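Observations on the three-dimensional arrangement
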Amino acid sequence: MQFQQLMPVGYMKQPTLKTFVIAKIKKENTEKCIKLYKQKYHQYFYQHDYLKLIKQGQEKDYVLMLFCFPEDLDKMKLDFEVEQFFEIQLPSIAPINKEQKQIYDEYWNILHPNYEYPHKQNKDAPLKMQQILDTKQTRNKCILYNDENDIIIEAEDETHINNVRHCVMVAMEKLAEHNKNQNNQKHFRETQYYAREMTLVTYFEPCIMCSMALIHSRIKEVYYYQKRVVDGGLNDQLQINNMKQLNHKYLVFYQH
Amino acid sequence: MELQKEDILKYMKLALEQAELGRQNKEVPVGCVIINRNDGKIIEKAYNNTNKSKNATQHCEIICINRMNRDLEDCILFVTCEPCIMCAQALNYIKIHSVYYGCNNSRFGGNGTVLQLNKYPSFGGYLEYDCMKILQDFYEEGNENIEEQFRHRKKQKQ
């Protein structure tokens, strides 16, 4: 069974481009200009924070500085001692892995991406998925396990008790009971957060609530077989696992 | 029953008491109270229990839902901090009537800060300063349940 990886929005090899204005500065003035610029406009490029501010020009005595968008040039150019302004095309989305960063580097100096998307897949995942498919139950089911296979937790939907007990939430409760047990505390002490370095395999895509619960539990990888019609949290439209504001990211693989 | 502003503040203070109880138990100080919409009686109250239960999904809203095991169409929730994305969606599933909260949750807020998920009416900004203060005090001391190297703590000024 082959899985497809869920990639962030706008992921492709060649970047989409956007027009920026660049200033050509004498090398002696560089520090002065940077100081003044950061004082006045330090949040200006907050959406493009992967671009470095300074690049060495082709001529020795000059330095190139990222300045602004074309529409703001008339307002902003007054206070700076600048030789020349000109427009260039730069990537408009941050790179997500090393290969993509190398392509981007031809355009401008790029910061190293802080999270990478390896193409490696878990060996056991297809087996566990087949195990779920073989049970032929109408309720959604999930399996949570770690790499050494010494913790394996199976859980089912319990929505007859209340609407919030989806299989992921039930699995987290079972994992907590496992960790509370004195004999099994080794795993918990080592990794501190509750499902770190663990993998989840489930039939239906986790909903928004479950995908956030997985972020709270610091999971590593998620595999699912079928997409949800409504309230799915890990599809092309809403990718909770890749959101910039949240404090954890994980890998998602899917079948269809 | 029509909720007046004094009533809301009264219930928010009860939620703050729960948060204070949580802090005494070395949990993240967030607390909540659920009342009946018709007669104003308190049905359930809880505080976060993530560290003691070793389960990161045990936020106070989820604990209340799991204790009650029914739909809450006739209930109002008061909570000190804006519900996170997980709790906001869970409150959608159990069809809660409305939600009142204290401070915004700039990291995970699901009622408008990070995502706007709520299908129920929700109102923020009650006792905002007190709710924020109790969280700030907790994080300045540092979360004692986490080992020293993993703590997010402000560096002390010299």
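Labelled according to an unreviewed UniProt entry, chain B appears under the name CMP/dCMP-type deaminase domain-containing protein, originating from Paramecium primaurelia.

Per an unreviewed UniProt entry, chain A carries the name CMP/dCMP-type deaminase domain-containing protein and comes from Paramecium primaurelia.

Looking at the overall build of chain A
Each helix and strand counted, chain A has 7 helices and 10 strands in total. Relative to the globule expectation of 18 Å for 256 residues, the C-alpha radius of gyration of chain A, 24 Å, shows a markedly less compact shape. With the C-alpha coordinates of chain A rotated into their principal frame, the extents come out at 70 × 40 × 35 Å. Counting over 256 residues, chain A shows a buried share of 27%. Partitioning the intrachain contacts of chain A with sequence separation of at least 6 by distance along the chain shows that 61% fall at a separation of at least 24.

Considering the overall build of chain B
Counting its regular elements, chain B contains 5 helices and 5 strands. If you list the helices and strands of chain B from N to C, you get α-β-β-α-α-β-α-β-β-α. Here chain B, with 158 residues, has 44% of them falling under the buried criterion. Sequence-distant contacts, at least 24 apart, represent 53% of the contacts inside chain B between residues at least 6 apart.

So, unusual backbone geometry
Residue and element names in this part refer to chain B. Even without glycine at this site, Lys95 takes up a positive phi of about 55°. With respect to the element layout, Lys95 can be found in the loop between helix 4 (85-93) and strand 4 (98-103). Positive phi, normally seen in glycine, also occurs at Leu127, with a value near 50°. Within the secondary structure, Leu127 is located in the loop between strand 5 (122-123) and helix 5 (128-141).

Remarks on the domain arrangement of chain A
Along its sequence, chain A is carved into domain 1 (17-104) and domain 2 (121-254). Look at where the C-alpha atoms of domain 1 of chain A and domain 2 of chain A centre, and you get two points 43 Å apart.

Focus on the UniProt feature "domain: CMP/dCMP-type deaminase" (unreviewed entry) in chain B
As annotated in UniProt, the feature "domain: CMP/dCMP-type deaminase" (unreviewed entry) corresponds to residues 6-115 of chain B in the numbering used here. Its end C-alpha atoms 30 Å apart, residues 6-115 of chain B is made of 37% helix and 23% strand.

Some thoughts on the interface of chain A and chain B
Contact residues are listed per partner, giving 23 residues for chain A and 22 residues for chain B. Broken down by secondary-structure element, the contributors of at least two residues to the side of chain A that touches chain B are helix 5 (167-180) and helix 7 (208-216) of chain A. For the side of chain A that touches chain B, the leading source of residues is helix 5 of chain A, giving 6 residues. When grouped by side-chain class, the residues that make up the side of chain A that touches chain B number 13 nonpolar, 8 polar and 2 charged.

Description of the sheet that holds strand 1 (residues 31-36) of chain B
Residues and elements named next belong to chain B. Spatial ordering of the open sheet is given by 2-1-3-4-5, a layout of 5 strands whose pairing is mixed. In this open sheet, the two strands that pair with only one neighbour each are strand 2 (42-47) and strand 5. Here 5 bridges tie strand 1 to strand 3 (residues 75-81), and the two strands are oriented antiparallel to one another. If you follow Ile34 over to strand 3, its bridge partner there is Leu77. Its contacts with the sheet put helix 3 (residues 60-68) on strand 1, strand 2 and strand 3, and the angle it makes with strand 2 is roughly 135°. Contacts from helix 5 reach strand 3 and strand 4 within the one sheet, and its direction differs from that of strand 4 by about 65°.

What about the pairing of strand 2 (residues 17-26) of chain A?
Residue and element names in this part refer to chain A. Pairing between strand 2 and strand 5 (residues 84-91): 8 bridges, direction antiparallel. Residue Thr19 lies in a different strand from strand 5, and its bridge partner there is Gln89. Pairing analysis gives 6 bridges linking strand 2 to strand 4 (residues 62-68), with the strands arranged antiparallel. Along strand 4, the bridge assignment pairs Ile25 with Val63.

Side note on the environment of Pro126 of chain A
Mapped onto the elements, Pro126 of chain A comes out in helix 4 (residues 125-135). It is 9.0 Å that separates the C-alpha atoms of Pro126 of chain A and Val201 of chain A, two residues lying 75 residues apart in sequence.

Comments concerning helix 4 of chain A
Residues and elements named next belong to chain A. Among the residues of helix 4, Ala125, Lys128 and Met129 are the ones counted as buried. Buried residues in helix 4, looked at end-on, bunch into an arc of 100°, giving them a common side. Along helix 4, exposed side chains directed more than 90 degrees from the buried face belong to Leu127, Gln130 and Asp134. Packing partners of the buried residues in helix 4 comprise strand 6 (141-146), strand 8 (198-204) and strand 9 (221-226).

Quick word on the environment of Asp79 of chain A
Relative to the assigned elements, Asp79 of chain A resides in the loop between helix 2 (73-76) and strand 5. Expressed as a C-alpha distance, the spacing of Asp79 of chain A and Tyr37 of chain A, which sit 42 residues apart in the sequence, is 9.5 Å.

Quick word on the nonpolar core
Judged by nonpolar contacts, the single largest core of 83 residues is most densely connected at Cys32, Leu77 and Phe78 of chain B. Discounting residues that sit within four places of it in the chain, Cys32 of chain B has contacts with Ala15, Gln18, Lys45, Ala46, Cys60, Glu61, Cys64, Leu77, Phe78 and Val79 of chain B. Counting 9 residues, the second-largest nonpolar core is a separate cluster that includes Ile22, Ala23, Cys33 and Phe67 of chain A.

Topic: the environment of Thr138 of chain A
Among the secondary structure elements, Thr138 of chain A is positioned in the loop between helix 4 and strand 6. Distance from Thr138 of chain A to Lys101 of chain A, taken between C-alpha atoms, is 45 Å for residues 37 residues apart in sequence.

So, the sheet that holds strand 2 of chain A
Residue and element names in this part refer to chain A. Spatially, 3-4-2-5 is the arrangement adopted by the 4 strands of the open sheet, whose pairing is antiparallel. Among the strands making up the open sheet, the edge pair consists of strand 3 (54-56) and strand 5. Strand-to-strand twist across the sheet, computed as the mean angle between neighbouring axes with direction ignored, equals 35°.

Conventions used here
Residues numbered from 1 in each chain as written. Chains lettered and ligands numbered in written order. Predicted model: local features only at pLDDT ≥ 70, side-chain atom pairs only at ≥ 80, totals over all residues. Helix = DSSP H or I, 4+ residues; strand = E, 2+ residues; numbered from the N terminus. Rg over C-alpha atoms; globule rule 2.2 N^0.38 Å. Buried ≥ 20, exposed ≤ 12 C-beta atoms within 10 Å, placed from the backbone. Contact = placed C-beta atoms within 7 Å. Domains from an automatic or database assignment. UniProt positions renumbered as here; feature names shortened; annotations may be inferred. Nonpolar A, V, L, I, M, F, W, Y, C, P; charged D, E, K, R; others polar. Pairing = 2+ DSSP bridges. Axes fitted to C-alpha atoms, helices over the stretch in contact; angles between N-to-C directions. Arc of directions from axis to C-beta. Core = buried A, V, L, I, M, F, W, Y, C linked by C-beta atoms within 7 Å.

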